[in-house]
Amino acid sequence: MNQDELKQAVAKAAFEYVESRLEKDMILGIGTGSTANLFIAELAKIKNDLEGTVASSEESARRLKELGIPVLDSNAAGELEIYVDGADETNEYLQLIKGGGAALTREKIIAATAREFVCIADESKWVKILGTFPLPVEVIPMARSHVARQIVKLGGDPVWREGCVTDNGNHILDVHHLQIMEPRKLESELNQIVGVVTNGLFAERAADRLFLGTSSGVEEILPRDS
């Protein structure tokens, strides 16, 4: 299978998992990106059985609404049952790098409010050590240069993602040339820099379950004990 077919396969597997746990008045968290978009398309099959969804980006919200799937404000939705989203990288502990689509802050909020975080990815995202994919950091615009200087001190090479403004009105720094040996530690260190909104490490709140598309089919993976 090519990469598009792998993404379609994991989106279908995640849909079947959600469908098997469908309960009355269930509210789902929905991620952002190409794999999440395929999951959104699958959700149309059960749209009449869902209380609603909480979307991690304006783009995902638009897609959901076009399919007639209700989109709720996260403050009104409260705790979510399941959050489904993709990743740019994942390790065996299901610690992730996310934010290639610049929705990392809202994704972190939804992950924090969900009882279960289900990640969907193809095998190209599976890594031993996080950091080959540049780590996104969302920053307040006036603090961009200050944050970049502090990231250099931590050993990263930050590059401003020019032309990118997040749904929150902020900028993204993509941090290159990292080998992230201690994801939780780095996540905390970056978040303590003044001007950082959040960063794309999902280590403190890792995924609970991964559907990984491989050449031999979809593997369902639980995190290795860290």
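The structure we're discussing is the one just above.
Turning our eyes to something else, we now look at the pattern of salt bridges. Taken as a whole and assessed by the stated rule, the structure comprises 19 salt bridges. Notably, a salt bridge pairs arginine 209 with glutamate 220, separated by 2.5 Å at the nearest N-O pair. Linking arginine 209 in strand 12 (residues 209-214) with glutamate 220 in strand 13 (residues 217-221), this pair joins segments that are 11 residues apart in sequence. According to the relative accessible area criterion, arginine 209 is buried, its value standing at 17%. Given the relative accessible area of 46%, glutamate 220 is considered partly exposed. In the salt-bridge network here, residues are joined through shared partners; they are Glu59, Arg62, Arg63 and Glu66.

Right, let's get into unusual backbone geometry. Even without being a glycine, leucine 94 presents a positive backbone phi close to 60 degrees. In this fold, leucine 94 is placed in the loop between strand 4 (89-90) and strand 5 (96-97). For alanine 102, which is not glycine, the phi torsion reads 65 degrees and is therefore positive. Mapped onto the elements, alanine 102 comes out in the loop between strand 5 and helix 5 (104-113).

Empty space among the atoms becomes visible once a probe the size of a water molecule is rolled across them. In this model, the largest pocket occupies a volume close to 240 Å³. If you trace the largest pocket, you find 21 residues lining it, with Thr32, Gly33, Ser34, Ala87 and Asp88 closest to the centre. Among the elements of the structure, helix 2 (34-43) and strand 6 (114-122) are those that each provide at least two residues to the lining of the largest pocket. Residues of the lining of the largest pocket, tallied by class, amount to six nonpolar, eight polar and seven charged. Estimated volume of the second largest pocket: approximately 190 Å³. Lining of the second largest pocket is provided by 13 residues; of these, Asn91, Tyr93, Gln95, Met181 and Pro183 occupy positions nearest its centre.

Topologically, lysine 7 is positioned in helix 1 (residues 3-20). One buried charged residue, lysine 7, forms no salt bridge at all, with the nearest opposite charge on aspartate 122 at 5.0 Å. Residues contacting lysine 7, with those up to four places away along its chain left out, are Ser34, Thr35, Leu38, Asp122 and Lys125.

Now for the sheet that holds strand 7 (residues 135-139). One open sheet accounts for four strands, arranged 8-9-7-10; its pairing is antiparallel. In this open sheet, the two edge strands, each paired with only one partner strand, are strand 8 (157-160) and strand 10 (196-199). For this sheet the average axis-to-axis angle between neighbouring strands, irrespective of direction, equals 30 degrees. Packed on one face of the sheet, helix 5 meets strand 7, strand 9 (171-176) and strand 10 and runs near 65 degrees to strand 10.

So, on to the side chain of glutamate 138. Considering the arrangement of structural elements, one finds glutamate 138 in strand 7. Of the buried charged residues, glutamate 138 lacks a salt bridge, with arginine 106 as the closest side chain of opposite charge at 7.3 Å. A distance of 3.1 Å separates the side chain of glutamate 138 from the side chain of asparagine 168, its partner in a polar contact. Among all residues touching glutamate 138, those that are not within four sequence positions of it are Leu104, Thr105, Thr166, Asn168, Asn170, His171, Ile172, Gly195, Val196, Val197 and Thr198.

For the rest of this paragraph, the subject is the nonpolar core. Ranked by size, the top nonpolar core spans 24 residues in total, and within it Leu28, Phe39, Leu43, Val84 and Phe211 carry the most contacts. Within the residue set of this core, elements represented by two or more residues are helix 1, strand 1 (27-30), helix 2, helix 3 (58-66), strand 3 (80-85) and strand 6. The element best represented in this core is helix 1, accounting for seven residues. Those residues in contact with phenylalanine 39 that lie beyond four places of it in its chain are Ala11, Ala14, Phe15, Val18, Ile30, Val84 and Ile120.

Analysis parameters
- Residues numbered from 1 in each chain as written.
- Predicted model: local features only at pLDDT ≥ 70, side-chain atom pairs only at ≥ 80, totals over all residues.
- Heavy atoms only, no water.
- Salt bridge = Lys/Arg side-chain N within 4 Å of Asp/Glu carboxyl O.
- Helix = DSSP H or I, 4+ residues; strand = E, 2+ residues; numbered from the N terminus.
- Buried < 20%, exposed > 50% of the residue type's maximum accessible area, 1.4 Å probe, protein only.
- 1 Å grid on protein atoms, 1.4 Å probe; cavity = no way out; pocket = protein on both sides within 12 Å on 5 of 7 lines; lining within 4 Å.
- Points joined across faces, edges and corners; volume = space filled by probe spheres on them.
- Nonpolar A, V, L, I, M, F, W, Y, C, P; charged D, E, K, R; others polar.
- Lys, Arg positive; Asp, Glu negative; His and termini not counted.
- Contact = heavy atoms within 4.5 Å.
- Pairing = 2+ DSSP bridges.
- Axes fitted to C-alpha atoms, helices over the stretch in contact; angles between N-to-C directions.
- Polar contact = N/O pair within 3.5 Å; in protein donor to acceptor, adjacent residues only side chain to side chain.
- Core = buried A, V, L, I, M, F, W, Y, C linked by side-chain atoms within 4.5 Å.

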